[in-house]
Amino acid sequence: MRSASRTAAFKDMVNYMNERVQSGRRIVDFQANQFAVADMATDLVMAECWLDYVASLIESGGKDFGLEASMAKMRASDLAIAHFNRGGADARRLRLLQRIIASSG
């Protein structure tokens, strides 16, 4: 999954958390949700670091990077799904998730 797709999924989830109100407060204002956002942001940064590592293998002329590339794609797809699941699922968000995963081809 491309970096822009992961970032878009994360931003969509954060935007949803900023818009959604529960008990008169935005759900992003609850401490547990703030921890969840920090946890997901950390996962994204780690995925970016791994992707950079895979890119360096490719750029250095390496020929055996299939496992590392598969790991990056699997983790990125898992993260996108997890971000959507935390933010709630409605038809609009599910269509966006389908587009993000399809673009990771």
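Residues numbered from 1 in each chain as written. Predicted model: local features only at pLDDT ≥ 70, side-chain atom pairs only at ≥ 80, totals over all residues. Heavy atoms only, no water.

Trainee: I'd like a description of the pattern of salt bridges, backed by residues and values.
Mentor: Using the criterion set out here, one finds two salt bridges in the structure. Of the charged contacts in the structure, one is a salt bridge between Arg26 and Asp29, with a shortest N-O distance of 2.7 Å. Here Asp29 falls in the partly exposed class, since its relative accessible area comes to 29%. Between Asp43 and Arg75 there is a salt bridge, with its nearest N and O atoms 3.5 Å apart. Taken as a pair, Asp43 in helix α2 (residues 31–59) and Arg75 in helix α3 (residues 66–87) lie far apart in primary sequence, 32 residues in all. (Salt bridge = Lys/Arg side-chain N within 4 Å of Asp/Glu carboxyl O. Buried < 20%, exposed > 50% of the residue type's maximum accessible area, 1.4 Å probe, protein only. Helix = DSSP H or I, 4+ residues; strand = E, 2+ residues; numbered from the N terminus.)

Trainee: A description of the environment of Glu68 should follow, citing residues and the corresponding values.
Mentor: Of note, Glu68 is situated in helix α3. Residue classification places Glu68 among the buried positions, given a relative accessible area of 19%. Ignoring anything within four residues of it in the chain, the contact list for Glu68 reads Trp50, Tyr53, Val54 and Leu57. (Contact = heavy atoms within 4.5 Å.)

Trainee: Tell me what's going on with α2, and back it up with residues and numbers.
Mentor: End to end, α2 covers 42 Å across 29 residues, agreeing with the expected 42 Å (1.5 Å per residue, within 8%). When we look at burial in α2, the residues that qualify are Ala36, Val37, Met40, Leu44, Ala47 and Val54. Gly61 sits one or two residues past α2 and shows a positive phi near 90°. (Expected span 1.5 Å × (residues − 1).)

Trainee: Go over the packing of aromatic side chains with me, naming the residues and quoting the values.
Mentor: To describe a pair of aromatic rings, one takes the distance between the centres and the angle between the planes. Under the definition given, this model contains one aromatic pair. Relative to Tyr53, the ring of Trp50 has its centre 5.0 Å away and its plane inclined at 45°; by these criteria the two rings are tilted. You can see Trp50 and its partner Tyr53 sitting in helix α2, three residues apart, about one turn around the helix. Assessed through its relative accessible area of 31%, Trp50 is described here as partly exposed. (Phe/Tyr/Trp six-rings, centres within 6.5 Å; stacked < 30°, edge-to-face > 60°.)

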